[in-house]
Each structure stands twice: as C-alpha cells, then as structure tokens.
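Geometric and topological summary
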Amino acid sequence: MAMWALLHLLTTALVLLSWPLTPATANLEGDALFALRKAVKDSNNVLQSWDPTLVDPCTWFHVTCDGDNRVTRLDLGNANLVGSLVPELGKLQRLQYLELYMNNLTGPIPKELGRLKSLVSLDLYHNNFTGSIPSSLSNLSNLNFLRLNGNRLTGTIPRKLTKIRSLKIFDVSNNDLCGTFPTSGSFSKFSEESFKNNPRLEGPELMGFVRYDTTGNCN
Ligand SMILES: *[C@@H]1O[C@H](CO)[C@@H](O)[C@H](O)[C@H]1NC(C)=O
Ligand SMILES: *[C@@H]1O[C@H](CO)[C@@H](O)[C@H](O)[C@H]1NC(C)=O
Ligand SMILES: *[C@@H]1O[C@H](CO)[C@@H](O)[C@H](O)[C@H]1NC(C)=O
C-alpha cells in the first residue's frame, strides 16, 4: 500500500474516533452543571431545560453567562432541590453567584468550591449540609457574601477565612459549630449575630490564643 493511502486511512480513523468526543470536551461547564442535575431530585422540574447536548449551558433556565458564554450565575434558591452538591461545580471558573439557599441539600460542602476564584456570593443557607466548613473557601479572594446559616455544619470556623478582605456579610448562625470564632481581619466587622445558635461555639477567640486552628476538631 502506498504511504499516502496508509496516512489517509490513519487520519480517517483518527477523525472518526475523536469526533464523538468533541461535544463533551467543548462543553466542560455544561457537563459540570449536568453532574449537579444528576445528583439532585428535582420534583419541581426547575432543571428540565438543562439539556447536555446543547453547545453550552447558557440557554438553560437559572443559568447566566457572560459574553464569552461562560457561566457567571447559578440561581437555584428556594427550588425544592433534594440531594447533594458535586465537586464538578469547582470547574465554573467565572462563577460569581452561587445561589442554592432554601433547598434540602445534604452532605458536605465540596472543598472544590474553593477553586471558584471569581465568586462574589456563596449562599447555601437553610439547607441540610453536614461536615465542616472547607478551609479552601479562604482562597475566594473576591467573596462578599458567605451565608451558611441554618445547616448542620460541625467543626471549627477556619481561621484562614479572616484573610478574605472583600467579605462583607458572614453568617454561620444556626449550625452545630464548635470552638471559638475568629475576630481578626475581615471578621473584626462581624457581630455575634453571625455566630448565634451554635450551642457548642464558645465565643470569640482570645487575642493571640488560638486553640482550634488546624485540625478542625474541638477536642
Ligand atoms: C433536614 O433534614 C431533616 C431530617 O431529615 C428534616 O426533618 C428537615 O426538614 C430538613 N431540612 C430542610 C431545610 O429540608
Ligand atoms: C429533606 O430530605 C430528607 C432526605 O434526604 C428527607 O428525609 C426530609 O423529609 C426532607 N425534608 C423536607 C422538608 O423536604
Ligand atoms: C489555595 O490555593 C492555593 C493555590 O492555588 C493552593 O495551593 C492552596 O492549597 C489553596 N488553599 C486551600 C486551603 O485549599
């Protein structure tokens, strides 16, 4: 067989092999959101328009994109979703608003949310999240609003969160957190209201005396 014929055959085979993979790789953010759709029970059908075969998720209801067709908002507050969050959400690099308050979401807050560098607002209040507050959230340097109140979160409040200078509102009230709460950095502007109704939370940390820093445990 002539060399060109062999090459042609190989090229054709390669094109045929790679073609069906193209939509999936071109739609990374849609895939990430679709992973969430699969992880929740959606009895109000608010995610019905989330069709993973579309070129991007920008026409899906409750999803907003920027001019580059990258996801900037996810608005699913009070949507009667039952289930858990998926680590794939950490792939939405331009996400600014993650609004999932007032659902019935269980399980942990994925540490991968700490990769959402553009995030301005993380609203997970009034769900049923368990586990601890991921310290990775301290990497969200643009965050203004962090509302985790009304869940079943345990462990300590990561002290590293105090380094988020942009933080304006912080609410972890009505959980089961323990230890002391930080008062330095951005936390100097938060009142005890932000921390109330955590029966095992002892009060503000004493200056220069950090008992519960690295382990996240209170014992
Ligand atoms: C959280 O879970 C408990 C027990 O399953 C349930 O009674 C409660 O209604 C749930 N909370 C929310 C906000 O759905
Ligand atoms: C929340 O979900 C749990 C199961 O995951 C269920 O037992 C509970 O009844 C739900 N609560 C509400 C208010 O829907
Ligand atoms: C924050 O981001 C840096 C750089 O990407 C990474 O090395 C570090 O582990 C992250 N911190 C946490 C607590 O995840």
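Everything below is about the structure shown above.
Residues numbered from 1 in each chain as written. Chains lettered and ligands numbered in written order. Predicted model: local features only at pLDDT ≥ 70, side-chain atom pairs only at ≥ 80, totals over all residues. Heavy atoms only, no water.

Structural notes on the sheet that holds strand β8 (residues 128-129)
Defined as follows: In this scheme, strands are said to pair when DSSP sees at least two bridges between them. Put simply, DSSP marks the helices as runs of H or I at least four residues long and the strands as runs of E at least two long, and each gets a number from the N terminus on.
Reading across the sheet, the 4 strands line up as β1-β4-β6-β8 and stay open at both edges, with mixed pairing between neighbours. Two strands bound the open sheet, and with one partner strand each, they are β1 (40-42) and β8. Relative to strand β4 (residues 81-84), β1 runs antiparallel, the two sharing 3 bridges. Bridging from a neighbouring strand, Lys41 pairs with Val82 of β4.

A word on the site of ligand 1
Which entries qualify depends on this criterion: It suffices for a single heavy atom of a residue to lie within 4 Å of a molecule or strand for the residue to be listed as near it. Counted as a polar contact is a pair of N or O atoms within 3.5 Å, where, for protein atoms, one must be capable of donating a hydrogen and the other of accepting one, and residues adjacent in sequence contribute only when both atoms are in side chains.
With respect to spatial proximity, the complete set of residues near ligand 1 consists of Asn103, Asn104 and Asn128. With respect to ligand 1, the side chain of Asn104 contributes an N or O atom lying 3.2 Å from an oxygen atom. Interatomic distance of 2.3 Å between a side-chain N/O atom of Asn128 and an oxygen atom of ligand 1.

As for the packing of aromatic side chains
The test is simple: For Phe, Tyr and Trp, rings pair up if their centres lie within 6.5 Å, where Trp contributes its six-membered ring, and each pair is then called stacked (planes under 30 degrees apart), edge-to-face (over 60) or tilted (otherwise). The buried label applies to any residue whose accessible area, calculated with a 1.4 Å probe on protein chains only, is under 20% of its type's maximum; exposed applies above 50%, and partly exposed to all values in between.
Summed over all chains, the structure comprises 8 aromatic pairs. Seen in terms of ring centroids, Tyr101 and Tyr125 are 4.9 Å apart; in terms of plane orientation they differ by 10°. Their pairing is stacked. Placement of the pair is Tyr101 in the loop between β5 (97-99) and β6 (104-107) and Tyr125 in the loop between β7 (121-123) and β8, with a sequence separation of 24 residues. On the accessibility criterion, Tyr101 (24% relative accessible area) is partly exposed. Take Tyr125: its relative accessible area is 18%, and that puts it in the buried class. Where Phe170 meets Phe190, the ring centres are 5.8 Å apart and the plane angle is 25°; that geometry is what we call stacked. Of this pair, Phe170 sits in strand β10 (residues 169-171) while Phe190 sits in the loop between β11 (178-181) and β12 (200-204), and the two are 20 residues apart along the sequence. Assigned by exposure class, Phe170 and Phe190 land together as buried. Counting every residue linked through ring pairs, the aromatic cluster contains Phe170, Phe181, Phe187, Phe190 and Phe195.

Observations regarding the nonpolar core
As a reminder of what qualifies: Throughout this description, the term nonpolar core refers to a set of buried Ala, Val, Leu, Ile, Met, Phe, Trp, Tyr and Cys residues connected via side-chain atoms within 4.5 Å. Bear in mind that the domain bounds are from an automatic or database domain assignment. For this analysis, residues touch if any pair of their heavy atoms sits within 4.5 Å.
Leu74, Ile157 and Phe170 are the most contacted members of the largest nonpolar core, which has 49 residues in total. At the level of elements, α3 (28-39) and β3 (71-75) are the ones that each hand at least two residues to this core. In terms of residue count, the dominant contributor to this core is α3 (4 residues). Here this core spans two domains, and each of domain 1 (23-131) and domain 2 (137-219) adds at least three residues to it. In contact with Ile157, not counting residues within four places along its chain, are Phe170, Val172, Leu177, Phe181, Pro182, Phe187, Phe195 and Leu201.

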